[in-house]
Amino acid sequence: MYDWMQIFIPFNGDKIIKIPQPKNHKYKSVPELTNQNVPEAILYYKNKDRKPYQLLTVGFDRFRLDSNGNYEETEVERKMAFHKSKKK
């Protein structure tokens, strides 16, 4: 079985913040990272006995969180993700 995980890597480097998967294209807010450009790592891996077993690839992105620490996918981003998933 394959799975993925998103993490934020703040520039101060004190900690890594795991981000729950979005619900209705809305991510849970991260108040300690408000108004920041935040690097994101997306880890794709295989599971064995429901635990991460083998890292397959790592993707990186960067985006800005608003004054509440929220990030919401735009309609364009949703369509791009949909088209990418259809090509696989």
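Preceding block: the structure.
Residues numbered from 1 in each chain as written. Predicted model: local features only at pLDDT ≥ 70, side-chain atom pairs only at ≥ 80, totals over all residues. Heavy atoms only, no water.

Asks: What am I meant to see in the overall build of the chain here?
Replies: The number of helices and strands found in the chain is one helix and four strands. Element order for the chain, N to C, with α for helix and β for strand: β-β-β-β-α. In the chain, 53% of the contacts between residues at least 6 apart in sequence involve partners at least 24 apart. When the accessible surface of the chain is split by element, carbon and sulfur atoms take 52% of a total near 7000 Å². (Helix = DSSP H or I, 4+ residues; strand = E, 2+ residues; numbered from the N terminus. Contact = heavy atoms within 4.5 Å. Areas by Shrake-Rupley, 256 points an atom, 1.4 Å probe, with all protein chains shown as cover.)

Asks: I tried to follow the pairing of strand β4 (residues 51-64) on my own but got confused; where do I start?
Replies: Regular strands show a simple pattern: their side chains alternate between the two faces of the sheet. Alignment of strand β3 (residues 37-48) against β4, held across 12 bridges, turns out to be antiparallel. Paired with Ala41 across the strands is Phe60, a residue of β4. (Pairing = 2+ DSSP bridges.)

Asks: Help me understand the pairing of strand β1 (residues 2-8), please; the structure alone is not making it clear to me.
Replies: Inspection of the sheet shows β1 paired to β3 by seven bridges, in the antiparallel sense. Bridge assignment links Met5 to a residue of β3, and that residue is Leu43. Two strands pair when backbone bridges link them, and β1 and strand β2 (residues 17-19) are joined in this way by three bridges, in the antiparallel orientation. For Ile7, the partnering residue across the bridge sits in β2 and is Lys18.

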